[in-house]
Amino acid sequence: MATRTDFGPPDYETMLPPIIKKNYGMWKYHERVKPGLLKHVAESGDELYTIRVGSARLLSTDHVREICDVAEKFCGGYVRFTSRHNIEFLVSEKKNVDPLIADLNKRGWPIGGTGHSITNIVHTQGWIHCHTPATDASGIVKAVMDELYDYFGSWKLPGYCRISLACCLNMCGAVHCSDIAILGIHRTVPKLNHEIIRTKCEIPNVIAACPTGAIRPDPANKSVIVNEDRCMYCGNCYTMCPGMPVADPVGGGVSIWVGGKVSNTRSGPAFSRLVIPFLPNTPPRWPETVAAVKNIVEVWAKHARKHERMGEWIERIGWERFFEIAGIPFAEQIIDDFTLASETYRTTAAFKW
Amino acid sequence: MATRTDFGPPDYETMLPPIIKKNYGMWKYHERVKPGLLKHVAESGDELYTIRVGSARLLSTDHVREICDVAEKFCGGYVRFTSRHNIEFLVSEKKNVDPLIADLNKRGWPIGGTGHSITNIVHTQGWIHCHTPATDASGIVKAVMDELYDYFGSWKLPGYCRISLACCLNMCGAVHCSDIAILGIHRTVPKLNHEIIRTKCEIPNVIAACPTGAIRPDPANKSVIVNEDRCMYCGNCYTMCPGMPVADPVGGGVSIWVGGKVSNTRSGPAFSRLVIPFLPNTPPRWPETVAAVKNIVEVWAKHARKHERMGEWIERIGWERFFEIAGIPFAEQIIDDFTLASETYRTTAAFKW
Amino acid sequence: MANSETPLLDDLEKGPWPSFVKDMKQAAVKKESARALLGQLEQSFVDNIGHWKHGGIVGVKGYGAGVIGRYSDIPDKFPGVEHFHTMRVNMPAGWFYTTKALRAVCDVWDKHGSGLTNFHGATGDIILLGTSTDHLQPCFDDLAEIGFDLGGSGSAMRTPSACVGPARCEWACFDSLNLLRTVTRTFQGQMHRPMFPYKIKIKISACPNDCVASIARADISVIGTWRGNIQIDQTEVLACAKTMNIQTEVVDLCPTKCMSWDGKALTIDDKECNRCMHCINLMPKALRQAKERGATILVGSKAPIVHGALLSSVVIPFMKMDPPYDEFIEFVNKTFEYWDENGKMRERLGELINRLGMGKFLKAVGLKPLPQMIKRPRANPYYFWREGI
Amino acid sequence: MANSETPLLDDLEKGPWPSFVKDMKQAAVKKESARALLGQLEQSFVDNIGHWKHGGIVGVKGYGAGVIGRYSDIPDKFPGVEHFHTMRVNMPAGWFYTTKALRAVCDVWDKHGSGLTNFHGATGDIILLGTSTDHLQPCFDDLAEIGFDLGGSGSAMRTPSACVGPARCEWACFDSLNLLRTVTRTFQGQMHRPMFPYKIKIKISACPNDCVASIARADISVIGTWRGNIQIDQTEVLACAKTMNIQTEVVDLCPTKCMSWDGKALTIDDKECNRCMHCINLMPKALRQAKERGATILVGSKAPIVHGALLSSVVIPFMKMDPPYDEFIEFVNKTFEYWDENGKMRERLGELINRLGMGKFLKAVGLKPLPQMIKRPRANPYYFWREGI
Ligand code: SRM
Ligand code: SRM
Ligand code: SRM
Ligand code: SRM
Ligand code: SF4
Ligand code: SF4
Ligand code: SF4
Ligand code: SF4
Ligand code: SF4
Ligand code: SF4
Ligand code: SF4
Ligand code: SF4
């Protein structure tokens with residue numbers, strides 16, 4: 001049998017619950033009934049209840065089947081996942097809502113993640129499956145979410161706060177635009193294995209991969225030389241060439257970035273910005289990272305105005321004040337020195353003490 | 001006699017009128033009595049009146065002597081110039097103020113330039129003395145100030161509006177941070193004179209001078225080659241090498257930039273930004289340029305809130321709205337494509353139609 | 001595997017948030033490779049370092065994409081993950097599933113792989129986490145059988161994604177799921193056979209809330225929007241006034257300050273509205289977008305590698321978005337073509353535009369420069385007269 | 001020269017603004033070179049192009065700076081401006097003059113030059129506009145006689161300048177004129193003998209209004225500022241309230257929103273004030289800066305050549321500015337040294353900092369990184385661990 005190719009994913013129309021098929025494109029409004037419970041009302045008057053459940057994203061097939069069990073019991077055999085990897089149970093009959101919630105509570109599955117809560121942490125592979133991580137992904141996420149758990153199922157926060165994690169500078173996910181980003185970073189230059197470089201790597205591509213021009217050819221060796229003063233350990237050369245690993249047990253760790261945003265609401269999309277250049281890798285629970293994230297969430301929650309996101313709050317009070325209020329020491333790495341650095345300098349005499 | 005060197009400028013203390021010497025550093029407050037007339041009151045109670053007079057900056061020695069005549073008659077033989085090249089007559093006795101004003105009026109010397117007026121246009125040499133101009137300086141300034149004359153001696157504007165002119169991209173002055181900047185630009189690639197390049201120019205420096213890397217060596221010729229596609233006519237190579245003139249009667253002309261600012265008040269210093277990429281050189285009165293500047297001043301005056309400078313106003317309403325209100329057609333050159341270009345792109349779906 | 005063999009990971013079974021360790025252990029009961037993964041991960045927790053080698057190229061017949069090769073660097077210790085390749089399976093639009101489809105995927109994966117998955121990957125695929133080389137093709141064949149194709153990887157178009165849109169959201173300005181299906185089907189070849197300078201991503205959000213973060217991580221970002229006046233139901237506004245402070249929460253936070261509220265009626269100067277969604281978000285019953293709807297097209301966002309992260313920027317302020325979406329597909333084709341011809345190896349679209357200039361891109365894809373494309377004009381005087389003078 | 005010979009320029013004698021053409025004609029009566037300049041300028045007005053050749057190097061004994069060489073490209077037509085070099089004469093601080101001094105300058109210039117001047121050049125010098133090579137040295141000698149020295153030009157420190165400051169302004173946070181004198185005297189050698197990679201400029205404004213535009217066009221910008229609470233005279237506030245709307249004109253426009261006004265008293269939360277000057281500017285009788293005063297030091301601004309214009313950025317948030325200004329002079333010396341050692345030919349300080357990184361500059365001049373130095377932190381993850389780990 002010739003292999004069938006390019007047939008594409010299943011048609012989503014075959015996956016939609018009847019209430020959605022019926023009211024597709026004709027939703028009128030929604031209400032946030034309580035944390036984790038949304039109610040969408042259609043022009044037709046139909047009501048759809050969505051119960052959002054937190055997920056570790058890394059699921060066993062048995063766990064997926066358990067999700068199916070629940071969906072079959074309460075949702076006519078339909079279920080969806082969100083763009084942040086939560087599970088959504090779609091209930092077309094109001095009477096099923098409370099029993100479903102009771103069932104979920106029994107299973108210990110967290111309900112929440114809607115509105116002004118802390119929803120799931122978008123994250124990546126880490127030590128589970130990737131070759132370039134500077135830290136783990138699932139482990140830190142579990143540790144942080146355990147600590148922020150109360151914020152998942154409640155509405156205690158002034159606004160949206162989206163946390164993301166990426167385990168290396170490749171930043172799989174939208175880490176670079178998150179209210180709080182946890183980012184794995186390396187701090188050591190690549191360890192050159194000339195044998196591998198010679199045999200497996202295309203030297204010009206390796207050289208072109210370096211953002212700071214730290215790599216130059218070493219024609220004698222048919223290999224490369226790294227200018228250690230210029231290397232900032234991004235690992236980009238390793239992506240291109242297995243002979244240049246950057247991972248290191250002491251060098252690797254975590255950095256914290258804040259103030260990014262994706263939605264166009266009010267202030268528009270923005271990048272996350274560095275506030276803590278390095279925290280050590282301390283599995284299994286990364287207490288330094290957990291504490292840093294929690295502190296930032298709570299400092300923001302305490303000082304921001306309603307609907308004001310992390311970056312909006314900080315831009316209002318000024319970054320110099322943020323460092324003070326958050327009690328985060330200012331580190332030299334925070335001052336930009338890459339391509340657009342001058343845009344980040346304080347080009348005014350107006351600032352706060 | 002051995003030449004004396006490095007003795008430095010005259011001591012300013014020898015140039016200060018007695019009332020200033022007495023109250024130096026002990027001024028208490030000032031009042032803007034009327035356009036062109038400032039009153040500074042010292043802790044001692046002394047009052048100093050300043051009458052500001054517009055100047056063409058390009059002065060004959062006879063004209064300077066005439067200024068001296070006035071200063072001797074009313075100001076005890078003291079006079080100063082401002083950082084924008086106006087003349088300031090400093091009057092320590094109130095009774096001299098009105099006679100001085102009458103005298104100035106008789107001479108036809110304009111009084112004004114304080115507060116919410118249009119003060120002098122900071123400008124440069126142009127065809128009078130420089131080798132790189134794309135337009136004249138004094139000529140345009142005269143034409144524009146004739147047209148904006150009423151705004152010099154009155155307070156009809158909502159806020160400060162600082163106009164500057166530079167006759168080439170070197171931007172002598174603070175043209176790059178002016179509410180309205182008039183900037184000479186070239187539009188033709190350098191005309192290479194290989195003979196001169198060979199004999200008078202240091203090729204590596206010429207190559208390094210090009211912001212876009214458009215120049216490469218032509219070793220055969222001991223000269224250079226210009227990649228015409230990359231050249232944006234900045235004239236920087238000509239500064240380094242007389243064999244590469246860019247000036248051209250049709251290529252040269254004027255561009256208009258708006259929204260820059262220097263003071264740290266409210267919004268902080270900002271660059272002027274391109275709104276009209278090209279207007280022709282049309283001496284003696286550059287009517288297109290004069291009309292463009294006047295239009296921008298008046299559109300701003302009509303729409304801005306009190307104390308709101310050009311850039312503050314535009315940033316509030318949005319640049320897309322500015323182009324509409326000012327009736328200025330949007331040109332492709334306005335979209336940045338230099339080093340920091342991405343900072344100027346609209347990285348949000350929120351904009352106005 | 002006894003608990004005592006993974007003491008560090010065991011700690012992550014505690015606490016209220018769902019534990020991936022529990023899932024790994026669940027899979028480990030059935031699957032040797034899951035057991036090995038658990039062991040190797042514990043080793044990483046001890047060593048503070050990953051234990052995977054630099055990926056190699058593996059795949060299925062006819063495709064260059066869809067599989068991420070992976071090999072343990074301590075295979076002697078953990079032979080179960082000596083090869084442990086991931087399959088990226090293209091999800092249905094909107095991440096909607098029947099349990100039947102989900103169970104079928106699980107069955108295939110129990111047959112061929114580790115029994116571990118990601119629902120979903122950061123790009124949106126179903127990630128089937130780890131199998132050996134010999135299982136790749138049979139696994140794909142079985143997936144095909146149940147109607148699931150692979151997603152993108154490598155220097156290919158990546159699996160596009162879209163927000164839930166009209167399926168469950170009143171703010172969808174066009175049918176994001178249908179557009180996603182069209183795009184996915186149209187570009188199957190570009191997704192499965194890497195032949196571009198680098199990866200290229202398309203993400204579709206049906207309104208400016210941008211629930212798939214398309215502006216941050218898609219070379220081509222489609223964001224729903226509208227023209228005309230926001231529809232106001234003043235009765236509902238009054239109802240809102242009972243539970244919220246319309247002045248401070250809505251009017252004062254409007255970025256363009258184009259709203260006013262006198263305690264009785266809400267007024268919007270729609271000409272000055274920039275359609276940020278803030279007011280609509282806060283008053284979903286009272287405010288609805290205008291009736292003329294479509295999308296803004298933006299290009300160029302990406303993560304930091306190589307020249308720094310970029311956000312997408314506006315190139316088409318407004319495009320009608322109705323099937324068969326010819327105008328959009330044509331735009332994508334022209335964009336692919338321009339990038340394919342001009343992009344250097346590993347240069348994303350945004351970087352290419354930054355290198356050669358937005359003007360050249362606009363010209364190549366046939367767009368006129370508009371003030372909506374920029375936040376503000378250039379501050380440097382280094383511009384061209386390409387058409388001569 | 002008869003009017004009819006310069007019909008285009010004649011048009012610029014009309015109109016209310018002072019006419020430079022009148023001054024040129026005035027000088028032309030006495031001076032052949034001024035006459036030639038008028039003719040050549042008319043020619044430029046006809047031809048739409050300048051008529052000066054690329055400058056050459058001319059000067060006076062012992063100096064490399066202070067004279068800008070200039071030659072006509074149509075000397076046959078206008079022999080009077082065959083050479084027409086400009087002398088840059090260092091102005092007294094604050095541009096204050098006795099008429100005696102001014103007249104003396106005029107006499108020297110009538111003797112040696114065209115009788116045309118600029119009061120002043122954009123950098124602040126007195127510009128003596130045009131003389132021939134043989135007059136340069138005698139002219140300088142005569143200027144020296146009346147106490148005027150030359151300013152900077154070429155790859156030298158340029159003539160520094162300062163706002164009127166304490167001489168006539170209540171907002172001066174330090175003595176800008178005295179500092180200017182000190183700086184000018186200290187760096188005479190660096191001004192008169194070009195030996196740097198490029199030009200370097202210092203400008204001094206005694207408060208954040210920055211009346212010499214120092215933040216925009218000085219490699220080292222000194223801007224007066226204060227610490228502590230703005231002094232409020234509530235009686236004067238009430239007086240102000242009679243002629244202005246304190247709420248809308250002052251309080252609402254405060255960028256940090258740290259002010260409040262209840263119709264009776266004005267309150268400032270000084271900790272949140274960023275000292276922008278707006279409120280003080282509007283209410284000079286009611287508000288005065290705090291008593292602890294000094295300056296913020298910023299570095300790096302410049303016009304666009306080569307890599308684009310820059311504004312200066314904060315490197316020392318607060319420095320006491322009292323004579324003999326040792327701390328400042330030391331900072332300038334260290335900065336000169338760093339730039340001189342590391343700067344490439346024609347690289348301004350700001351460009352050097354951008355190329356090598358702010359961190360290196362701070363280290364070289366011995367400053368600690370502070371949040372006041374940045375508007376916001378970096379968004380890219382490309383940073384170093386220079387001290388190792
Ligand atoms: C289900 C989901 C779309 C999907 O296709 O899967 C979704 C669904 C909804 N979003 Fe969203 N958003 C979803 C991801 C996002 C993202 C993407 C992300 O976080 O990575 C964003 C951009 C976040 C950012 O700016 O960083 C996003 C920004 C919004 C906003 C704007 C919030 C703001 O003020 O900035 C709204 C409006 C609101 O909630 O008021 C919104 C509103 C909504 C509404 C109310 C839309 C509706 O009428 O149905 C939905 C319920 C919101 C809630 O959770 O309370 N949604 N929403 C995603 C749920 C993720 C999760 O599991 O938590
Ligand atoms: C005389 C002069 C300083 C000098 O050493 O020569 C000066 C003098 C004064 N300036 Fe200035 N400024 C002078 C150039 C500047 C400049 C530089 C420039 O324009 O190139 C600026 C920065 C402009 C910019 O931001 O682009 C400047 C920004 C200010 C401001 C801030 C205005 C704002 O809101 O942005 C004030 C405050 C005010 O006027 O309320 C100010 C206030 C003042 C005061 C009121 C200060 C005082 O108490 O004496 C003086 C009279 C102002 C007036 O004209 O009404 N001065 N002032 C300069 C007169 C130039 C002229 O002839 O017109
Ligand atoms: C699996 C996944 C992370 C996850 O756990 O979810 C992933 C995993 C990898 N990404 Fe990614 N990326 C994944 C989504 C992303 C995203 C998010 C997105 O697509 O929305 C981004 C940021 C958006 C973007 O593309 O800019 C992303 C930006 C990168 C980059 C940097 C690209 C750049 O231009 O800056 C690299 C490096 C590269 O391509 O060389 C990269 C490279 C990789 C590689 C292939 C490692 C490498 O160096 O070759 C990782 C393979 C891990 C493994 O062994 O499984 N990954 N990667 C995501 C794909 C799952 C899926 O198909 O659904
Ligand atoms: C005379 C003057 C204009 C005027 O009419 O006032 C002037 C005239 C020239 N400037 Fe300038 N600059 C003058 C102030 C400035 C300023 C303003 C300032 O100093 O505050 C600037 C912008 C600030 C700055 O330095 O960045 C300025 C930025 C330039 C530049 C670009 C420098 C840059 O780094 O971007 C050049 C080009 C160069 O140096 O190669 C330049 C070059 C020149 C040259 C020497 C032409 C050249 O290419 O070599 C001009 C000689 C004209 C002549 O024949 O007299 N001039 N020049 C100003 C000096 C008068 C004085 O001493 O008082
Ligand atoms: S962020 Fe880096 S380490 Fe993590 S999955 Fe992506 S490429 Fe791998
Ligand atoms: S790690 Fe990054 S900076 Fe260092 S050599 Fe490799 S590519 Fe260059
Ligand atoms: S702006 Fe250009 S042309 Fe004008 S004086 Fe300066 S260097 Fe000369
Ligand atoms: S004019 Fe400017 S861009 Fe053109 S070659 Fe000369 S230096 Fe380069
Ligand atoms: S992006 Fe807009 S249309 Fe799509 S789900 Fe989010 S809120 Fe709804
Ligand atoms: S959508 Fe945004 S800009 Fe428009 S009226 Fe509502 S809050 Fe204001
Ligand atoms: S800068 Fe400040 S101190 Fe100096 S003159 Fe201007 S307002 Fe006065
Ligand atoms: S100086 Fe500026 S920031 Fe400070 S209180 Fe006054 S207006 Fe506000």
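Residues numbered from 1 in each chain as written. Chains lettered and ligands numbered in written order. Predicted model: local features only at pLDDT ≥ 70, side-chain atom pairs only at ≥ 80, totals over all residues. Heavy atoms only, no water.

Student: Honestly, the overall build of chain A in this entry has me stumped. Any pointers?
Tutor: Secondary structure assignment for chain A yields 10 helices and 12 strands. Along the first, second and third principal axes, the C-alpha atoms of chain A reach 75 × 70 × 35 Å. Taking all 353 residues of chain A together, 68% fall into the buried category. Distance between charge centres in chain A, computed from 40 positive and 37 negative side chains, equals 4 Å. (Helix = DSSP H or I, 4+ residues; strand = E, 2+ residues; numbered from the N terminus. Buried < 20%, exposed > 50% of the residue type's maximum accessible area, 1.4 Å probe, protein only. Lys, Arg positive; Asp, Glu negative; His and termini not counted. Charge placed at Lys NZ, Arg CZ, Asp CG, Glu CD.)

Student: It is not clear to me how the domain arrangement of chain C should be interpreted in this structure. Could you clarify?
Tutor: Interface size, as often reported, equals the accessible area lost upon joining of the parts. Residues and elements named next belong to chain C. Taken as a whole, chain C is organised into domain 1 (3-145), domain 2 (161-226 + 294-373) and domain 3 (229-288). Of note, the centres of domain 2 and domain 3, computed from C-alpha atoms alone, are 31 Å apart. Counting residues at the interface gives 7 residues for domain 2 and 8 residues for domain 3. Its largest share of buried area at the contact with domain 3, domain 2 owes to Trp-171, Asn-209 and Trp-226, together 71% of the area lost on that side. Along the contact surface separating domain 2 from domain 3 lie 0 salt bridges. Linking domain 2 with domain 3 are 3 residue pairs in polar contact (both at pLDDT 80 or more), by the criterion used here. Broken down by class, the residue content of the side of domain 2 that touches domain 3 amounts to 4 nonpolar, 2 polar and 1 charged. (Domains from an automatic or database assignment. Contact = heavy atoms within 4.5 Å. Buried area = accessible area lost by both parts, 1.4 Å probe. Salt bridge = Lys/Arg side-chain N within 4 Å of Asp/Glu carboxyl O. Polar contact = N/O pair within 3.5 Å; in protein donor to acceptor, adjacent residues only side chain to side chain. Nonpolar A, V, L, I, M, F, W, Y, C, P; charged D, E, K, R; others polar.)

Student: What should I look at first to understand the packing of helix α8 (residues 287-303) of chain B against helix α9 (residues 310-317) of chain B in this one?
Tutor: All names here are of chain B. Put simply, α8 and α9 touch, their axes get as near as 10 Å, and they point 65 degrees apart. The orientation of α8 with respect to α9, classified from their angle, is roughly perpendicular. Read as a crossing pair, α8 and α9 show a hand that is left-handed. Between α8 and α9, the contacting residues are Ile-296, Val-299, Trp-300 and His-303 on the first element and Met-310, Trp-313 and Arg-316 on the second. In terms of residue class, the contact of α8 with α9 is built from 5 nonpolar, 1 polar and 1 charged. (Axes fitted to C-alpha atoms, helices over the stretch in contact; angles between N-to-C directions. Parallel < 35°, antiparallel > 145°, perpendicular 65-115°, else oblique. Left-handed = near helix turned anticlockwise from the far one by under 90°.)

Student: Even after reading the chapter, I still don't get the site of ligand 2, so can you show me in this structure?
Tutor: With respect to spatial proximity, 32 residues lie near ligand 2, and among them B:Arg32, B:Thr82, B:Tyr160, B:Arg162 and D:Cys211 are the closest. Flanking ligand 2 are residues from chains B and D. Residue B:Arg32 places a side-chain N or O atom 2.5 Å away from an oxygen atom belonging to ligand 2. Here an oxygen atom of ligand 2 sits 2.6 Å away from a polar atom, N or O, in the side chain of B:Thr119. Here the residues of the shell around ligand 2 sort into 8 nonpolar, 13 polar and 11 charged. (Near = heavy atom within 4 Å.)

Student: How should I be thinking about the packing of aromatic side chains in this particular structure?
Tutor: Two measures describe an aromatic ring pair: the distance that separates the ring centres and the angle between the ring planes. Counting across every chain of the model gives 52 aromatic pairs over all chains. With a centroid separation of 5.7 Å and an interplanar angle of 80 degrees, the aromatic rings of B:Phe81 and D:Tyr97 are classed as edge-to-face. Placement of B:Phe81 in strand β5 (residues 78-81) and of D:Tyr97 in strand β3 (residues 96-98) is noted, with the two residues assigned to different chains. Of the two residues examined, B:Phe81 and D:Tyr97, each falls in the buried class. With a centroid separation of 5.7 Å and 85 degrees between ring planes, the pair formed by B:Trp353 and C:Phe318 is classed as edge-to-face. (Phe/Tyr/Trp six-rings, centres within 6.5 Å; stacked < 30°, edge-to-face > 60°.)

Student: In this structure, what is going on with the sheet that holds strand β7 (residues 202-205) of chain C? I would like to understand it.
Tutor: Backbone hydrogen bonds hold the strands of a sheet together, and the pairing may be parallel or antiparallel. With mixed pairing, the 5 strands of this open sheet are ordered in space as β6-β7-β8-β13-β14 (chain C). Looking along the sheet, the strands with just one partner apiece sit at the ends: β6 (161-162) and β14 (313-319) of chain C. (Pairing = 2+ DSSP bridges.)

Student: Honestly, the site of ligand 3 in this entry has me stumped. Any pointers?
Tutor: Taken together, the neighbourhood of ligand 3 is formed by 32 residues, with A:His129, A:Cys172, C:Arg70, C:Asp125 and C:Lys201 sitting nearest. More than a single chain frames ligand 3: its nearby residues are located in chains A and C. Here C:Thr123 contributes a side-chain N or O atom positioned 2.7 Å from an oxygen atom of ligand 3. Of the residues in the shell around ligand 3, the class split is 10 nonpolar, 11 polar and 11 charged. Taken together, domain 1 (3-145) and domain 2 (161-226 + 294-373) of chain C each give at least three residues to the shell around ligand 3, which thus spans both.

Student: Would you mind showing me how to read the coordination of the iron atom of ligand 2 here?
Tutor: When a metal carries six donors in an octahedron, the ideal angles between them are 90 or 180 degrees, while four donors in a tetrahedron ideally lie at 109.5 degrees. Only one protein atom coordinates the iron atom of ligand 2: D:Cys211 (SG), located 2.3 Å from the metal. Tracing the backbone through its elements, the reader meets D:Cys211 in the loop between β7 (202-205) and α8 (214-217). (Donors = N, O, S within 2.8 Å, 3.2 Å for Na, K, Ca; no water.)

Student: Would you explain the nonpolar core in this entry?
Tutor: Nonpolar side chains in soluble globular proteins tend to be buried together. Ranked by internal contacts, the top residues of the largest apolar core, which has 486 residues, are A:Phe89, A:Ile256, B:Phe89, B:Ile256, C:Phe328 and D:Phe328. Among all residues touching A:Phe89, those that are not within four sequence positions of it are A:Tyr49, A:Thr50, A:Ile51, A:Val53, A:Ile67, A:Val70, A:Ala71, A:Cys75, A:Val79, A:Leu100, A:Leu104 and A:Trp109. (Core = buried A, V, L, I, M, F, W, Y, C linked by side-chain atoms within 4.5 Å.)

Student: Would you take a moment to explain the state of the cysteines for this structure?
Tutor: What we call a disulfide is simply a covalent bond connecting the sulfur atoms of a pair of cysteines. All names here are of chain A. Counted by the stated rule, this structure contains 2 disulfides over all chains. The residue that forms a disulfide with Cys-201 is Cys-241, at a sulfur-sulfur distance of 2.1 Å. On the S-S bond that ties Cys-201 to Cys-241, the torsion sits near 80 degrees, and the link is right-handed. Of this pair, Cys-201 sits in the loop between α5 (194-200) and α6 (203-209) while Cys-241 sits in the loop between α7 (236-240) and β11 (253-258), and the two are 40 residues apart along the sequence. The exposure class of Cys-201 is buried, given its relative accessible area of 10%. (Disulfide = S-S within 2.5 Å.)

Student: Quick question: what am I supposed to make of unusual backbone geometry here?
Tutor: Generally, phi is negative for residues other than glycine and the peptide bonds are trans, each holding for most cases. In this chain, A:Pro283 is followed by A:Pro284 through a cis amide linkage whose omega measures 5 degrees. At C:Met277, a position not held by glycine, the phi torsion is positive, near 85 degrees. Relative to the assigned elements, C:Met277 resides in the loop between β11 (266-268) and α11 (278-282). The backbone phi angle of D:Arg346 is positive, close to 65 degrees, even though this residue is not glycine. With respect to the helices and strands, D:Arg346 occurs in the loop between α12 (326-342) and α13 (349-356).

Student: I keep staring at the interface of chain D and chain A and nothing clicks. Help me out?
Tutor: Contacts between chain D and chain A engage 47 residues on the former and 50 residues on the latter. For the pairing of chain D and chain A, the buried interface totals around 4700 Å² over both sides, and the portion due to carbon and sulfur atoms is 60%. Remark: the boundary between chain D and chain A carries 7 salt bridges. The salt bridge partner of D:Arg378 is A:Asp336, with a shortest N-O separation of 3.6 Å. The interface formed by chain D and chain A holds 28 residue pairs in polar contact (both at pLDDT 80 or more) in total. Of all the secondary structure elements, the ones that give two or more residues to the side of chain D that touches chain A are β8 (220-227), β13 (292-299), β14 (313-319), α13 and α14 (358-365) of chain D. The residue makeup of the side of chain D that touches chain A, split by class, is 27 nonpolar, 10 polar and 10 charged.

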